[in-house]
Amino acid sequence: EISEEASKAVTSQVSRVVEADVTEVVENVMPSMVSVTNKAIVNYNYWGRVFSEEQEGRGSGIIVGQNDSELLIVTNYHVIENANTLEITFIDDEVYEASVKGTNKNMDLAVVAVKLADMTESTLNEIKIATLGDSDSLKLGEPVIAIGNALGYGQSVTNGIVSALNREIEMEDGSSGTFVQTNAAINPGNSGGALLNYNGEVIGINSNKIGGTTVEGMGYAIPISSAKPIIAELMLKDTKTK
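Everything numeric here is computed off the predicted structure, so don't read it as measured data.

Some points on the sheet that holds strand β7 (residues 143–148)
An order of β7-β8-β9-β12-β11-β10 is seen for the six strands of this closed barrel, with the pairing classed as antiparallel. On average, each strand axis in the sheet is inclined to that of its neighbour by 50°, with strand direction left out of account.

Topic: the side chain of Gln 181
By secondary structure assignment, the location of Gln 181 is in strand β9 (residues 176–182). The residues contacting Gln 181, other than those within four sequence positions of it, are Ile 161, Val 162, Ser 163, Ala 164, Arg 167, Met 218, Gly 219 and Tyr 220.

Describing the packing of aromatic side chains
Using the criterion set out here, one finds three aromatic pairs in the structure. Aromatic pair Tyr 44 and Phe 51: ring centres 5.9 Å apart, planes at 25°, arrangement stacked.

As for the side chain of Thr 182
With respect to the secondary-structure elements, Thr 182 resides in strand β9. In this structure the side chain of Thr 182 is engaged in a polar contact, spanning 2.9 Å, whose partner is the backbone oxygen of Ile 161.

Here we look at helix α4 (residues 224–235)
Ile 224, Ala 227, Ile 230, Ile 231 and Leu 234 are the residues of α4 that are buried. Each buried residue of α4 lies within a common arc of 125° when the element is viewed along its axis, so the set occupies one face. Of the surrounding elements, those touching the buried residues of α4 are β2 (49–66), β3 (70–75), β5 (95–104), β6 (109–115), β11 (202–206) and β12 (219–223).

Some thoughts on the sheet that holds strand β4 (residues 85–89)
Pairing within the closed barrel is antiparallel, and its six strands lie in the order β1-β2-β3-β6-β5-β4. Strand-to-strand twist across the sheet, computed as the mean angle between neighbouring axes with direction ignored, equals 40°. By the bridge criterion, 14 bridges tie strand β1 (residues 33–46) to β2 in an arrangement that is antiparallel. Each residue of the ladder has a partner; that of Val 34, found in β2, is Gly 61. Each of β2, β3, β5 and β6 is contacted by α4, which is oriented at about 40° to β6, the strand it contacts most.

Remarks on the confidence of the model for the protein
For the protein, per-residue confidence averages 87 on the pLDDT scale, and 87% of positions sit at 70 or higher. Within the protein, the lowest mean pLDDT, 72, falls on helix α1 (residues 4–29), and the highest, 98, falls on β3.

A short note on the nonpolar core
Of all hydrophobic cores here, the largest spans 29 residues; its most connected members are Ile 62 and Ile 205. The element that contributes the greatest number of residues to this core is α4, accounting for five residues. Every residue in contact with Ile 62, bar those within four places of it in the chain, is listed here: Ser 32, Met 33, Val 34, Leu 72, Ile 73, Val 74, Ala 130, Gly 192, Gly 193, Ala 194, Val 202 and Ile 205. Within the second largest apolar cluster, 20 residues are counted, among which are Val 36, Ile 63, Phe 90 and Val 100.

About the cut-offs
Residues numbered from 1 in each chain as written. Predicted model: local features only at pLDDT ≥ 70, side-chain atom pairs only at ≥ 80, totals over all residues. Heavy atoms only, no water. Pairing = 2+ DSSP bridges. Helix = DSSP H or I, 4+ residues; strand = E, 2+ residues; numbered from the N terminus. Axes fitted to C-alpha atoms, helices over the stretch in contact; angles between N-to-C directions. Contact = heavy atoms within 4.5 Å. Phe/Tyr/Trp six-rings, centres within 6.5 Å; stacked < 30°, edge-to-face > 60°. Polar contact = N/O pair within 3.5 Å; in protein donor to acceptor, adjacent residues only side chain to side chain. Buried < 20%, exposed > 50% of the residue type's maximum accessible area, 1.4 Å probe, protein only. Arc of directions from axis to C-beta. pLDDT = per-residue confidence, 0-100. Core = buried A, V, L, I, M, F, W, Y, C linked by side-chain atoms within 4.5 Å.

Put into structure tokens, the structure is as follows:
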């Protein structure tokens, strides 16, 4: 029979290994993560007079590629919807304006572009393009990490496991989609951020919009294997300039 001391030692050893794994993974992937600020003009009618005001929404994004002139970032469509201006905050806290490149409302995906010419050398040196993994090979119970601009306060990290695969969820508009379910906390602002495996590969794009906020301990992510072809297609569209 194993002594109490020995079992405690094993437990603390295991938790140390898991923590070390998470810190290393997070350090490696943070340069690929961004915060997205959506400044939208909202019109409202007050006693027959129309007023407009700027409203700010926040979400997350993942750097997925680069072409000759632009850095390309994927996020959720609902994060950039109705944007008047879009701002991207990178790991060095520098903020740059972005333009929408392509959107797919049904999959809740969007690709936005920041002009490389606008970016400083120091920002370009600090950022990284994320590695997209394979969500089809995920196993139940596999540990995962969610990173995003939770509640708009800046990047934060939660971890958990894959709770369910191919979970069919009905969306607000009545359509349904298939998602990865995790018990890692996914809060407003996490939308568009990454769900990662312990190799630091993106295996899902978190969406706070799915499943509502009524259920505790369940977050949903768009599986990266179904998002990849759409992201590739959106990256080739012409950037929408004002």
